[in-house]
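# Descriptive analysis of the structure
Chain by chain, the residues run as shown.
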Amino acid sequence: MIWEVFRQEEAGDYHTHCGNVHAPDREMALLFAEIQHGRRKPTHSLWVAPKDEIGEVDEETANFGGTTDKSYRWAMTYQNIDAAAEEVADSEAEQAEADRRRRGD
Amino acid sequence: MDVETVTERAGPREFSPKDDMPEEYRKAATRMIQFHANSEIMGAYLERPFIRQAPSLDRKLAFSAKVQDEIGHGQLLYRAAESLGIKTREEMLRELEEGKGKFLNCFHYPMDSYVETPMIAFFVDGAAMRRQATLKSTSWEPYAHAMDKVCFEEGFHVKHGEDILRELMTGSRKEQEMTQEAFDEWWPRIIQFFGPTDEQSTHHGFAAEVGLKQMSNDQLRNAFLNAYIPKARKYGLEIPDYPRIEKRDDGTYEVREDDLDWDEFFKIAKNDYEPGVGQIDGRKAAQDAVEWVRDVLDDYEQTARGQPAAAD
Ligand SMILES: [Fe+2]
Ligand SMILES: [Fe+2]
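Values in this document were obtained by computation on a predicted structure and should not be read as measured data.

Looking at the assigned domains, one finds that chain A contains domain 1 (2-53) and domain 2 (57-105). Placing a centre on the C-alpha atoms of domain 1 of chain A and another on those of domain 2 of chain A gives a separation of 31 Å.

Here it is in structure tokens:
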């Protein structure tokens, strides 16, 4: 049975997918995950989940973000406005970064 | 863990559902996150009519996106609150419809005219964002994670709100006057967003000690005024004479608390304020109207798990 492994580097971080292991049950999956994925990379916690229990949808079947122009959803669209405060500017920077990566450049 | 240990360890994203947290912490966190979640929902309902009433297609689309976002924030936050093990999401939603759930003072007031929309979408969202940015460092990890996503999205809300304000204040004389009138009316409520000054705030002490809250009401209000008073002036809005706000030598502000209507504020806090009661009931009606959708989903969830629907 295959178990997907999610590693959290530090307390408070997100658990992000880092690979998978073969194991007969959850307990052993955790042990193998610890050995394979928790030894060298900084690790605070690991999750395992049976591969079959994970659902997936990818860009072959879904249009993430839709197909129409939704620029009204982005802070960058309101170009004539200077961010009122630091946190607004931070949010806009995060959105700009996400948009750039979504477009693949 | 006892409260003493919690206080010692309290830091950003320090505690998660894995930790054995004392009831006092879990209750305080639930109160805070449930209030936040309720406010997202009630705010969304207040703005919903403007998906239709906004004057251009762009604005309609932006309002529909924003309302969707706010409902999504409510969902995220109920999940974060649920993870404390005090109340389920169903319980919290029921409390909201029964008028027991508390939410932000600003969302108890009716919003009838389009010129009022920047009062929420710019000033209230701006104030909320100030607070939410600090909550990225709250000690309850699921709450902080919800704030990551919320803050990511909110930049659009605040800028969209400001763009409406800019448009109105560069519009016709009539539009400018109506916007100023709306501002006069909303300004004291916006100041009250941050609650009474620290000395009078009842829940601040404990929430700050255990790291749930990162900044005091006064600090937040100050930071807000610092950024948003210049913005209001930039668009030609006149800051109302009351409440009197004086700038201290160190650049911080002193708001004369006596100039604000605290009777109304506390009436609102008890969900006794008339327009707010109507808004709670309005949301309940909307909730009831789609009850059948939730029922169908619940039944399906039971059968999809291989259990007959009537099993429990
Ligand atoms: Fe929100
Ligand atoms: Fe918002």
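Moving on, we get to the nonpolar core. Among the nonpolar cores identified, the biggest contains 70 residues, and Val124 and Ile190 of chain B are the most heavily contacted of them. Breaking this core down by element, the ones donating at least two residues are helix H2 (23-47), helix H4 (57-82), helix H5 (89-97), helix H6 (117-135), helix H7 (141-169), helix H8 (173-192) and helix H10 (217-234) of chain B. Looking at which element gives the most residues to this core, the answer is H6 of chain B, with 11 residues. Contact partners of Val124 of chain B, with chain neighbours within four places excluded, come to Cys106, Met119, Ile190 and Phe193 of chain B. One finds Val5, Val21, Ala29 and Val48 of chain A within the second-largest nonpolar core, a separate group that totals six residues.

Before going further, it helps to examine the interface of chain B and chain A. Listed by partner, the interface residues are 28 residues for chain B and 17 residues for chain A. For the side of chain B that touches chain A, the secondary structure elements donating two or more residues are H4, H6, H7 and H10 of chain B. Tallying contributions element by element places H7 of chain B first for the side of chain B that touches chain A, with 14 residues.

Take the packing of H2 of chain B against helix H12 (residues 274-289) of chain B next. The relative placement of two packed helices is expressed as an angle between their axes plus a distance between the axes. All names here are of chain B. The N-to-C vectors of H2 and H12 enclose an angle of 90°; their axes lie 11 Å apart at closest approach. What the angle tells us is that H2 and H12 run roughly perpendicular. For the pair H2 and H12, contact is made by Met42, Tyr45 and Leu46 and by Gln279, Gly282 and Arg283, respectively. For the contact of H2 with H12, the class distribution of residues is three nonpolar, two polar and one charged.

A few words on the packing of H6 of chain B against H7 of chain B. Residue and element names in this part refer to chain B. Following both chains from N to C, one finds H6 and H7 inclined at 150°, their axes separated by 8 Å at the closest point. Put simply, H6 runs roughly antiparallel to H7. Like other packed secondary-structure pairs, H6 and H7 cross with a definite hand, here left-handed. For the contact of H6 with H7, the residue count by class is 15 nonpolar, six polar and three charged.

All names here are of chain A. Strand order in the open sheet made by the three strands is S2-S1-S3, with antiparallel pairing throughout. On the outer flanks of this sheet lie strand S2 (16-22) and strand S3 (45-50), each paired with one strand and no other. Across the sheet, the mean angle separating the axes of adjacent strands is 30° when strand polarity is ignored. Relative to S2, strand S1 (residues 2-8) runs antiparallel, the two sharing six bridges. Following the sheet pairing, Val5 is matched in S2 by Gly19. On top of the sheet, helix H1 (residues 26-37) reaches S1, S2 and S3; it is set at about 130° to S3, its chief contact.

Let us look at the confidence of the model for chain B. Of the residues in chain B, 96% have a pLDDT of 70 or more, and the chain-wide mean is 93. Quick note on the complex model: pTM equals 0.91, ipTM equals 0.81.

The rules behind these values
- Residues numbered from 1 in each chain as written.
- Chains lettered and ligands numbered in written order.
- Predicted model: local features only at pLDDT ≥ 70, side-chain atom pairs only at ≥ 80, totals over all residues.
- Domains from an automatic or database assignment.
- Core = buried A, V, L, I, M, F, W, Y, C linked by C-beta atoms within 7 Å.
- Buried ≥ 20, exposed ≤ 12 C-beta atoms within 10 Å, placed from the backbone.
- Helix = DSSP H or I, 4+ residues; strand = E, 2+ residues; numbered from the N terminus.
- Contact = placed C-beta atoms within 7 Å.
- Axes fitted to C-alpha atoms, helices over the stretch in contact; angles between N-to-C directions.
- Parallel < 35°, antiparallel > 145°, perpendicular 65-115°, else oblique.
- Nonpolar A, V, L, I, M, F, W, Y, C, P; charged D, E, K, R; others polar.
- Left-handed = near helix turned anticlockwise from the far one by under 90°.
- Pairing = 2+ DSSP bridges.
- pLDDT = per-residue confidence, 0-100.

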